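# Working through the structure, step by step
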Amino acid sequence: MRRPNWVPAGTDLDKPNAARVYDYYLGGSHNFEADREMARKAMELWPDLPRIMRSNRAFLRRSVQFLAESGIRRFLDVGSGIPTFGPVHEVARGIRPDAEVVYVDRDPVAVAHSRLILADEPSCQVVEADLRNVGDLLSRPEVGRLLSAGEPVGLMLVAVLHFVTDDDEPDKLLGQLRDALPPGSALVLSHAGSEGRPDQAGSHQDLYKRTPTPLTMRSKERVVGFFDGFELVEPGVVYLPEWRPDDPEGVGPHPERMAGLAGVGFLS
């Protein structure tokens, strides 16, 4: 197989990677046959997965546009995966050409891919760090520079917090991040919900138990609690397609089929 120029030397192309699988769901090109095979197996259990992932990415786009229109030009994207197919910096720069983004992921493969892809983007930095160790994340120079400028920051936790188990104390981690944000900052959060598709939740969590990143799907009440210290903007925490849709008529009668919950809040 010819190695594309966005693939770091030494990358095992025969081993699936979660970030590349996500890219496949989105219809991107930064994936390989091993990634596509894993995605196909997951889709046998839950055929709606590509639609769910695309709905999640559409929420990211709308939320970044909303924050950029609200005056935010600095973004901290934690659990970013590989920034392809409509990443934060591209969306934000459509409104704020001077936007700056620090992408953070704990997966060294995703980080290596990201650094190659963003090598010519001076206003984008990539950091390898783990949300479960906020102290280490905040100590990184790239993150420190972003936060120390005193300007509001958009903290992106999009489809990442459900990979943090209750044993890892997600509320405590969020409190540490919240306390580090400058005044006027905002939290963007999406999370796998346990109530929208209860018929699929169990098997999907069982699938992820066989991976290094087990999935914890949570209730709407629990997700709302993650916004402690933030003032939710309308419409609050809702299913992915319901958050400020481009076309309200296009949401459809069953937004719960997308299974993900989403919300945006500003520091209160």
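The rules we used
- Residues numbered from 1 in each chain as written.
- Predicted model: local features only at pLDDT ≥ 70, side-chain atom pairs only at ≥ 80, totals over all residues.
- Heavy atoms only, no water.
- Helix = DSSP H or I, 4+ residues; strand = E, 2+ residues; numbered from the N terminus.
- Buried < 20%, exposed > 50% of the residue type's maximum accessible area, 1.4 Å probe, protein only.
- Contact = heavy atoms within 4.5 Å.
- Areas by Shrake-Rupley, 256 points an atom, 1.4 Å probe, with all protein chains shown as cover.
- Phe/Tyr/Trp six-rings, centres within 6.5 Å; stacked < 30°, edge-to-face > 60°.
- Pairing = 2+ DSSP bridges.
- Right-handed = clockwise from strand over helix to strand, strands pointing away.
- Arc of directions from axis to C-beta.
- Core = buried A, V, L, I, M, F, W, Y, C linked by side-chain atoms within 4.5 Å.
- Axes fitted to C-alpha atoms, helices over the stretch in contact; angles between N-to-C directions.
- Parallel < 35°, antiparallel > 145°, perpendicular 65-115°, else oblique.
- Left-handed = near helix turned anticlockwise from the far one by under 90°.
- Nonpolar A, V, L, I, M, F, W, Y, C, P; charged D, E, K, R; others polar.
- Polar contact = N/O pair within 3.5 Å; in protein donor to acceptor, adjacent residues only side chain to side chain.

## Structural notes on the overall build of the protein chain
Looking only at helices and strands, the protein chain features 10 helices and eight strands. Relative to its full complement of 268 residues, the protein chain shows a buried share of 50%. If you take every contact in the protein chain between residues at least 6 apart in sequence, the share linking residues at least 24 apart comes to 71%. Carbon and sulfur atoms make up 49% of the accessible area of the protein chain, which amounts to about 12000 Å² in all.

## Quick notes on the packing of aromatic side chains
For the structure shown, the criterion picks out four aromatic pairs. Taken together, a centroid distance of 5.8 Å and an interplanar angle of 80° make the contact between Phe-66 and Trp-243 edge-to-face. Of this pair, Phe-66 sits in helix H3 (residues 49-69) while Trp-243 sits in the loop between strand S7 (238-239) and strand S8 (260-267), and the two are 177 residues apart along the sequence. In this structure, Phe-66 and Trp-243 share a single accessibility class: buried. Each member of the aromatic cluster is reached from another via a ring pair, and the members are Phe-59, Phe-66, Trp-243 and Phe-266.

## Re the pairing of strand S3 (residues 124-128)
Pairing of strand S2 (residues 100-105) with S3, which is carried by five bridges, proceeds in the parallel orientation. Residue pairing in the sheet places Tyr-103 in a bridge with Val-126 of S3. Note on the crossover from S2 through helix H5 (residues 108-117) to S3: the handedness is right-handed.

## Topic: the environment of Asp-246
With respect to the secondary-structure elements, Asp-246 resides in the loop between S7 and S8. Judged by its relative accessible area of 58%, Asp-246 falls in the exposed class. A C-alpha to C-alpha distance of 8.1 Å links Asp-246 and Arg-62, two positions 184 residues apart in sequence. Ignoring sequence-local partners within four residues, the contact set of Asp-246 consists of Arg-61 and Arg-62.

## Topic: unusual backbone geometry
Trans is the common state for peptide bonds, and a negative phi is the common state for residues other than glycine. Residue Pro-235 is reached from Glu-234 by a cis peptide bond, and omega for that bond is 10°. Structurally, Pro-235 is set in the loop between strand S6 (230-232) and S7. One non-glycine residue, Ala-159, lies in positive phi territory at about 55°. Its location among the elements puts Ala-159 in the loop between strand S4 (153-158) and helix H8 (170-180).

## Side note on H5
Residues Ala-110, Val-111, His-113 and Ser-114 constitute the buried set of H5. For H5, the angular spread of buried residues about the axis comes to 165°, placing them on one side. Considering only its buried residues, H5 is in contact with helix H1 (18-25), S2 and S3.

## Considerations on the environment of Phe-75
Mapping Phe-75 onto the fold places it in strand S1 (residues 74-78). Residue Phe-75 is classed as buried on the basis of its relative accessible area of 0%. Measuring from C-alpha to C-alpha, the distance between Phe-75 and Leu-147 comes to 9.4 Å, with 72 residues separating the pair along the chain. In this view, Phe-75 contacts Val-64, Leu-67, Ala-68, Val-88, Ala-92, Glu-100, Val-101, Val-102, Leu-146, Val-153, Gly-154 and Met-156; residues no more than four positions away in its chain are not counted.

## Some points on the nonpolar core
Core analysis: the largest hydrophobic core is formed by 31 residues, its most contacted members being Leu-76 and Val-104. Discounting residues that sit within four places of it in the chain, Leu-76 has contacts with Val-102, Val-104, Val-143, Leu-146, Val-153, Gly-154, Leu-155 and Met-156.

## A short note on the packing of H1 against helix H2 (residues 33-45)
Look at H1 against H2: their axes get within 9 Å of each other, and the N-to-C directions meet at 70°. Between H1 and H2, the angle is such that the two are roughly perpendicular. In this structure, H1 meets H2 at a crossing whose hand is right-handed. Of the residues in H2, those in contact with Arg-20, Val-21, Tyr-24 and Tyr-25 of H1 are Asp-35, Arg-36, Met-38, Ala-39, Arg-40, Ala-42 and Met-43. Residues of the contact of H1 with H2, tallied by class, amount to seven nonpolar, no polar and four charged.

## Remarks on the side chain of Asp-130
The topology assignment puts Asp-130 in the loop between S3 and helix H6 (134-139). A polar side-chain atom of Asp-130 sits 2.7 Å from a polar atom in the side chain of Arg-132.

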